[in-house]
Amino acid sequence: MRVLVIEDDTTLGHALQEFLIEQGYAVDWLKDGDQVLGAVAGQSYDLLLLDLNLPGLSGLEVLRQLRSNGQQIPVLILTARDGVEDRVAGLDAGADDYVTKPFELPELAARVRAFARRRAGQAQPFIEAGPLVFDTVGREVRVNGDRLSLSVRELSVLEMLMARVGRVVTKRQIVNSLSAWDADFSENAVEVYVYRLRKRLEGTGAGIQTVRGFGYLLDVESAA
């Protein structure tokens, strides 16, 4: 899942970006409300974490313009404004959720995971594909109860494939979902991670098939 953080406080913005990257998300970060509309127009995002007190356009104005432009990206407001009127104004402007500062990072992570489950059409924090079970809270994959040792990137690629089991996922979709503006993550890197995952999955009853000219498909039926 690709997340855009809009937060002008450098300390908090950096902490949010690093924390969410550790959780397995691709994260971009902006500090100015004037930059948001252009960024969203040029890149597909799955979630926006939006501060209200921004230089340039305020968070509320950014939100109103996004919705008036037809952008349906889920928006989670992060703000020190904790009055009922402020929460109502944010939600009425089109926000999907509202968190007041200061907040605990584990709570924020849980809210982000809830958005990820809604996006994938899941009710439970687990993705199951054949013998594979992905725990989106613990960020781990188990095969028949045994934990697979995977890097953060390998986990993220496998999560995408498991969420779309039986369907083709293109290299470009993987790059767009897992790279950030300042990350050196290319289609060649995708090939490396898929190669490593194939090695990890040998003998599990799940395998990654290459669909030439299209991308990859997680096969849990015919894999040996």
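Residues numbered from 1 in each chain as written. Predicted model: local features only at pLDDT ≥ 70, side-chain atom pairs only at ≥ 80, totals over all residues. Heavy atoms only, no water.

1. Re the domain arrangement of the protein chain
So, step 1. What the domain assignment lists for the protein chain is domain 1 (2–120) and domain 2 (126–220).
So, step 2. Taking only C-alpha atoms, the centre of domain 1 and the centre of domain 2 are 27 Å apart.
So, step 3. Contact residues are listed per partner, giving 15 residues for domain 1 and 13 residues for domain 2.
So, step 4. Summed over both partners, the interface of domain 1 with domain 2 comes to about 1,100 Å²; 46% of that surface belongs to carbon and sulfur atoms.
So, step 5. Interface area lost by domain 1 to domain 2 is led by Arg-2, Gly-24 and Arg-113, which between them contribute 36%.
So, step 6. Summed over the shared surface of domain 1 and domain 2, the result is zero salt bridges.
So, step 7. Between the two partners, domain 1 and domain 2, sit three residue pairs in polar contact (both at pLDDT 80 or more).
So, step 8. Only strand E1 (2–6), strand E2 (26–30) and helix H5 (105–120) provide two or more residues apiece to the side of domain 1 that touches domain 2.
So, step 9. The element contributing the most residues to the side of domain 1 that touches domain 2 is E2, with five residues.
So, step 10. When the residues that make up the side of domain 1 that touches domain 2 are grouped by side-chain class, the tally is eight nonpolar, three polar and four charged. (Domains from an automatic or database assignment. Contact = heavy atoms within 4.5 Å. Buried area = accessible area lost by both parts, 1.4 Å probe. Salt bridge = Lys/Arg side-chain N within 4 Å of Asp/Glu carboxyl O. Polar contact = N/O pair within 3.5 Å; in protein donor to acceptor, adjacent residues only side chain to side chain. Helix = DSSP H or I, 4+ residues; strand = E, 2+ residues; numbered from the N terminus. Nonpolar A, V, L, I, M, F, W, Y, C, P; charged D, E, K, R; others polar.)

2. Thoughts on the UniProt feature "modified residue: 4-aspartylphosphate" (unreviewed entry) in the protein chain
So, step 1. In this structure's numbering, the residues bearing the UniProt feature "modified residue: 4-aspartylphosphate" (unreviewed entry) are Asp-51.
So, step 2. If you trace the backbone, Asp-51 turns up in strand E3 (residues 47–51).
So, step 3. Apart from residues no more than four positions distant in its own chain, Asp-51 is found in contact with Ile-6, Glu-7, Asp-8, Gly-59, Leu-78, Thr-79 and Lys-101. (UniProt positions renumbered as here; feature names shortened; annotations may be inferred.)

3. Some remarks on the side chain of Arg-139
So, step 1. Along the chain, Arg-139 falls in the loop between strand E7 (132–135) and strand E8 (140–143).
So, step 2. With a relative accessible area of 13%, Arg-139 lands in the buried category.
So, step 3. A distance of 2.9 Å separates the side chain of Arg-139 from the backbone oxygen of Gln-23, its partner in a polar contact.
So, step 4. A polar contact of 3.1 Å, which involves the side chain of Arg-139, links it to the side chain of Glu-159.
So, step 5. Those residues within four positions of Arg-139 in sequence are excluded, and the remaining contacts are Gln-23, Gly-24, Phe-134, Leu-155, Ser-156 and Glu-159. (Buried < 20%, exposed > 50% of the residue type's maximum accessible area, 1.4 Å probe, protein only.)

4. Points about the pattern of salt bridges
So, step 1. Following the criterion strictly, the structure yields 14 salt bridges and no others.
So, step 2. The residue Glu-140 makes a salt bridge to Arg-147 at a minimum N-O spacing of 3.2 Å.
So, step 3. Since its relative accessible area comes to 18%, Glu-140 is described here as buried.
So, step 4. Here the residues in one salt-bridge network are Glu-7, Asp-51 and Lys-101, joined through shared partners.

5. Let's talk about helix H3 (residues 59–68)
So, step 1. Every buried residue of H3 is listed here: Gly-59, Leu-60, Val-62, Leu-63, Leu-66 and Arg-67. Taken end-on, H3 shows its buried residues confined to a sector of 160 degrees, consistent with a single buried face.
So, step 2. Where the residues of H3 are buried, they touch helix H2 (36–42), E3, strand E4 (75–79) and helix H4 (84–92). (Arc of directions from axis to C-beta.)

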